[in-house]
Amino acid sequence: MLSRAHAIRCISLQIVLLRRASIAVINDTAVFDALRLDVGSGDRVATGLIGTREAIVRDGLFIDPLSIGYCPHEWIDGSGYVDPELARKFSYSLAF
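This is a predicted model, so every value here is computed, not measured.

A. View of the overall build of the protein. A tally of regular secondary structure across the protein gives 3 helices and 5 strands. Counting helices and strands in the order they occur from the N terminus, the protein gives α-β-β-β-β-α-β-α. Burial analysis of the protein (96 residues in total) assigns 30% to the buried set. Across the protein, every contact between residues at least 6 apart in sequence was considered, and the portion connecting residues at least 24 apart equals 61%. Here the protein has roughly 6,100 Å² of accessible surface; of this, 60% comes from carbon and sulfur atoms.

B. Main features of the side chain of Asp 64. The topology assignment puts Asp 64 in strand β5 (residues 62–71). One polar contact links the side chain of Asp 64 to the main-chain amide nitrogen of Leu 66, over a distance of 3.1 Å.

C. Structural context of the sheet that holds strand β3 (residues 29–37). Pairing within the open sheet is antiparallel, and its 3 strands lie in the order β4-β3-β5. At either end of the open sheet lies a strand with only one pairing partner, and these are β4 (44–51) and β5. Between one strand axis and the next, the sheet turns through 30 degrees on average, direction left out of account. In this sheet, β5 lies alongside β3 in antiparallel orientation, the contact comprising 6 bridges. Pairing of Val 31 across the sheet is with Gly 69, part of β5.

D. Local environment of the environment of Arg 36. Inspection of the secondary structure puts Arg 36 in strand β3. Each C-alpha atom of the pair Arg 36 and Ala 46 lies 6.5 Å from the other, and the pair is 10 residues apart in sequence. Among all residues touching Arg 36, those that are not within four sequence positions of it are Asp 43, Arg 44, Val 45, Thr 47, Leu 61 and Phe 62.

E. Geometry of the pattern of salt bridges. For the coordinates displayed, the defined rule picks out 2 salt bridges. A salt bridge links Asp 59 to Arg 58; its shortest N-O distance comes to 3.0 Å. The exposure class assigned to Asp 59 is partly exposed, which follows from its relative accessible area of 39%. Here Arg 88 and Glu 85 are joined by a salt bridge, their closest N and O atoms 3.2 Å apart. Taken together, the residues Arg 88 and Glu 85, both in helix α3 (residues 84–89) and 3 residues apart, mark about one turn of the helix. Overall, Glu 85 belongs to the exposed group, its relative accessible area being 52%.

Rules and cut-offs
- Residues numbered from 1 in each chain as written.
- Predicted model: local features only at pLDDT ≥ 70, side-chain atom pairs only at ≥ 80, totals over all residues.
- Heavy atoms only, no water.
- Helix = DSSP H or I, 4+ residues; strand = E, 2+ residues; numbered from the N terminus.
- Buried < 20%, exposed > 50% of the residue type's maximum accessible area, 1.4 Å probe, protein only.
- Contact = heavy atoms within 4.5 Å.
- Areas by Shrake-Rupley, 256 points an atom, 1.4 Å probe, with all protein chains shown as cover.
- Polar contact = N/O pair within 3.5 Å; in protein donor to acceptor, adjacent residues only side chain to side chain.
- Pairing = 2+ DSSP bridges.
- Axes fitted to C-alpha atoms, helices over the stretch in contact; angles between N-to-C directions.
- Salt bridge = Lys/Arg side-chain N within 4 Å of Asp/Glu carboxyl O.

Below is the structure:
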């Protein structure tokens, strides 16, 4: 079952320009919450990962389509997921 926060998120196609140290950072990469199947209950549960569509599918997980957000492509690590340290380093949130 999805959390209330996921259900409340609205799908947005906004591109948000962020400014940091006179460098424009663009939220240009679509990312989603990754879900896994709980074999006991049959429900899809959050994994705590946020990544690109390709990475989530590649890893055999499910995409939560209501959780679409956008982040700078620089925040995506080599495996296709949002690097939490980079996301925390900058005080910007994902654009929803």
